[in-house]
Amino acid sequence: MENIPENIKTIINSCYPYIKEFNPAQKAVIDSGYLENNKNCVIAIPTASGKTVLGVMVALKAILDGGKAIYAAPLLSIQNEKVKEFKKFEEFGIKVGKHPSSSDLSIMVFESFDVLTRFSWDVLREVDTLIIDEFHMIGEFSRGPTIECAITRAKIINPNLRIIALSATLENMGEIKNWLDATVVEHDYRPVPLNKDVLDSEMFNTKNKNDVVVKVLEKAIADDSQALSFVSTRRFTESLASYVAGKLKKKTTIEQKKGFKEVAEKLLAVPEKKGSRPTSTCLKLAESCENGSVFHHAGLFSEQKEIIEEEFRNGNILMIAATPSLMYGVNLPSKYVVIRDYTRWTQQGPQAIPVFDYEQMSGRAGRPQYDDKGYSYLVAKSMEESITLEERYINGSVEPTNSKLIENKDAVFKQIIAQVASTLSQSPEELQDFFNKTFYGYQMTANSSMSFFAEESLKFEIQNALEFLIQNQILQATPSGLKTTAFGNLIAKSNYSVETAVKIKEYVNNLESFNPEELIYQLAQTPDLPLISFKGRKSKDPVREKLSNYGLFAIDIANPEATAVSLIEWINERTEYQIENAYHVYSSSTRRSAYEASLLVRFTKNTLEVLGKYNYSKDLDYLSARLYYGVKEDIIPLVIGVKRLGRRRARALVDVFGDDLRPFSEKELQKVEGIGPKLAKSIKNFADNY
Ligand SMILES: Nc1ncnc2c1ncn2[C@@H]1O[C@H](COP(=O)(O)OP(=O)(O)OP(=O)(O)O)[C@@H](O)[C@H]1O
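Rules and cut-offs
- Residues numbered from 1 in each chain as written.
- Predicted model: local features only at pLDDT ≥ 70, side-chain atom pairs only at ≥ 80, totals over all residues.
- Heavy atoms only, no water.
- Core = buried A, V, L, I, M, F, W, Y, C linked by side-chain atoms within 4.5 Å.
- Buried < 20%, exposed > 50% of the residue type's maximum accessible area, 1.4 Å probe, protein only.
- Helix = DSSP H or I, 4+ residues; strand = E, 2+ residues; numbered from the N terminus.
- Domains from an automatic or database assignment.
- Contact = heavy atoms within 4.5 Å.
- UniProt positions renumbered as here; feature names shortened; annotations may be inferred.
- Pairing = 2+ DSSP bridges.
- Axes fitted to C-alpha atoms, helices over the stretch in contact; angles between N-to-C directions.
- Salt bridge = Lys/Arg side-chain N within 4 Å of Asp/Glu carboxyl O.
- Phe/Tyr/Trp six-rings, centres within 6.5 Å; stacked < 30°, edge-to-face > 60°.
- Buried area = accessible area lost by both parts, 1.4 Å probe.

### Points about the nonpolar core
- Membership of the largest hydrophobic core comes to 96 residues, with the highest contact counts inside it found for Phe113, Phe135, Leu180, Phe230 and Ile320.
- When residues of this core are assigned to their parent elements, the largest contribution, six residues, is made by helix 9 (residues 209-222).
- For this core, the two domains that each supply at least three residues are domain 1 (6-186) and domain 2 (194-394).
- With residues near it in sequence (within four places) discarded, Phe113 still touches Ile70, Met108, Leu124, Leu130, Ile147, Ala150, Ile151 and Ala154.

See below:
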């Protein structure tokens, strides 16, 4: 660590005691002088090579020099992991948080950083260094345009802002380098060597790829390690986990089984704590967990996912079968990765995953701190397929990373609104100027033969977008230039898509009477409500029937309909267990979806208000609270007024004592299950003052 300034070295030694020396890739970055100069820099080194600490050192440099730094990450899960990791710096007087107005080092998701560039210029101008984690996400359809435009705006507002991009190696690094006006340090050293291979099922004498996964897992176990397996759908994670569990049954010791059972019990305790019996998904999870194999997907409770990650780290789970969502950022000790499916479901059917994603999944194998070697296996059905896969994934190179800004219409709308609302662009020409500065603009205009065409097509896109935004009363053309309307401002300040906002506006504009179920169904059809998905291929009739009970008729019954019905049941105090049983959905997502729906209802209320209508404000407040707490209207005051009471106990209280709790003593209130002296006191206090 000789090339590191003393004050930074002290903090690194204390907070990362296991880092004895930097590896060759890290040394190459340090030797490039990135801690001494002030240039933008792209650090492109392999998975698991320790990019975070390189980002940390440059942040510490800025902070120890009296400045501020932002560490931007694409996902909430990564943000939470980094907050935990960076909190250790507080011992050295560095304030760590999620917003630069109150922290020296703030960890922000891309969307929050984007909001900062739109409305908090003074705060942004105080920031010296911006570190962007997983920078390669710039080529992703939904998050890419957000970070690309946020960087562009940040550079305009704070030209002195230093940008450090932490990235996987990209095919078109030259373009990134020029766009960011950065130096690039690339290195191919991976501290834990990674062995990549394709396994042909026929060689194992089987047609079932799951058997090959079992073989890899057996190898992992013999090696005193574990395995992470990637498949394409939630359903496949479940079937693989239970297939593997069946095979493991006779191969694990009584001692191991005891450990697995403890984890299974923890997983089952999650729904119980929320007042629901375990859903069949939970039971399935616990059942395979009892043999050391679990599944991990978006249909689990988030606490269950955390338990799985932690117990896997502790060696108490032998295999996780996951969807590709686990490929980014998480640090799991899986010496072995087995990619069973190289396809992913899209609206156009199954599509082969990009080489880039294959690299990210493989990169989960063999992590420093845990392993000295990593193995990644891709499973092929036949000899022929294995040759194709080897050619494409093992020997092939990653695809170029291209801006998705113009392909993503909603991103174009949002960015135009953001530019106009923040007064940075007030004419089509100024908008064109902004878009020219984005990565999209760079990619289009850097190619001189394309340059004229690029200018014209951009002009056309902006013109079309402006027409749409003016027509929908989001922007208005005034003598002093483009301005946002009150509705446009509301959109600019939210993170909702324009499609969602316009849908809500159209709905409320035509509203003749308030119908909560109908509104929920409308919201379920916007792109901003996380959907509750159907499980498997069971009958969808119960969803259709329930909707029609409320006068809501749908031709196709799909996830938006499943979501609407689940949320309607949720506000009628049904548990996840009941919802799953009735409608065959992944009901563990209900709370998350209900929370987002409650925020969307608030947005609906704000939309009505900017349109000058206040007649449904109270109804919308009630509906928002019902979604938030999962309750019928009558117990809203109780669940809001008594902290930590929760809907189950609130309902039990009303069932036993009626609506008016004033006549009852604390002792009497304690007769309801789960109500102790402390809670009884709060209830009494609330009832007497209500
Ligand atoms: N020089 C080092 N010696 C030992 N451990 C290190 C060293 N540098 C980093 N580490 C540790 O290695 C692990 C992986 O680092 P990190 O998460 O930064 O990887 P990464 O490069 O971001 O990988 P990925 O892109 O795959 O997520 C972390 O636990 C980190 O603290």
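### Considering the UniProt feature "binding site: ATP" (unreviewed entry) in the protein chain
- Summarizing the sequence annotation, UniProt attributes the feature "binding site: ATP" (unreviewed entry) to Gln26 in the numbering used throughout.
- Tracing the backbone shows Gln26 in helix 2 (residues 24-31).
- Classification of Gln26 by relative accessible area gives buried; the value is 5%.
- Excluding residues that lie within four positions of it along the chain, Gln26 makes contacts with Ser49, Gly50, Val53 and Leu54.

### What to know about the sheet that holds strand 15 (residues 374-380)
- Read from one edge to the other, the open sheet built from six strands follows the order 8-15-12-9-11-10, with strand pairing classed as parallel. Edge strands, defined here as strands with exactly one partner in the open sheet, are strand 8 (194-200) and strand 10 (293-296). Neighbour to neighbour, the strand axes of the sheet diverge by 20° on average, direction disregarded.
- Each of strand 8, strand 9 (227-230), strand 11 (319-322), strand 12 (336-339) and strand 15 is contacted by helix 9, which is oriented at about 165° to strand 15, the strand it contacts most.

### Quick notes on the pattern of salt bridges
- Under the counting rule described, the total for this entry stands at 31 salt bridges.
- For the salt bridge of Arg143 with Glu111, the shortest nitrogen-to-oxygen distance reads 3.9 Å. Taken together, the residues span a long stretch of sequence, with Arg143 in helix 7 (residues 143-157) and Glu111 in helix 5 (residues 110-119) at a distance of 32 residues.
- Exposure remark for Glu111: the relative accessible area of 25% places this residue in the partly exposed category.
- Measuring nitrogen to oxygen at the nearest pair gives 3.0 Å for the salt bridge that ties Asp114 to Arg118. Residue Asp114 and its partner Arg118 are both found in helix 5; the two are separated by four residues, about one turn of the helix. Grouping residues by exposure puts Asp114 and Arg118 together as buried.
- Three or more residues are tied together by salt bridges with common partners; here these are Asp114, Arg118 and Arg153.

### Description of the packing of aromatic side chains
- This structure, assessed with the given rule, holds 16 aromatic pairs.
- Geometrically, the ring pair formed by Phe413 and Phe468 is stacked, given 4.5 Å between the ring centres and 10° between the ring planes. Placement of Phe413 in helix 16 (residues 409-421) and of Phe468 in helix 19 (residues 451-471) is noted, with a sequence separation of 55 residues between them.
- Residue classification places Phe413 among the buried positions, given a relative accessible area of 13%.
- Among the aromatic residues, those joined into a cluster by ring pairs are Tyr16, Tyr18, Tyr71, Phe86 and Phe89.

### Section: the domain arrangement of the protein chain
- Assigned domains of the protein chain: these are domain 1 (6-186), domain 2 (194-394), domain 3 (409-493), domain 4 (498-629) and domain 5 (633-689).
- On a C-alpha basis, the centroid separation for the pair domain 1 and domain 2 is 31 Å.
- Each partner contributes residues to the interface: domain 1 has twelve residues there, and domain 2 has 14 residues.
- Each partner contributes to the roughly 930 Å² buried at the junction of domain 1 and domain 2, and carbon and sulfur atoms together form 61% of this total.
- Interface area lost by domain 1 to domain 2 is led by Thr47, Ala48 and Glu81, which between them contribute 46%.

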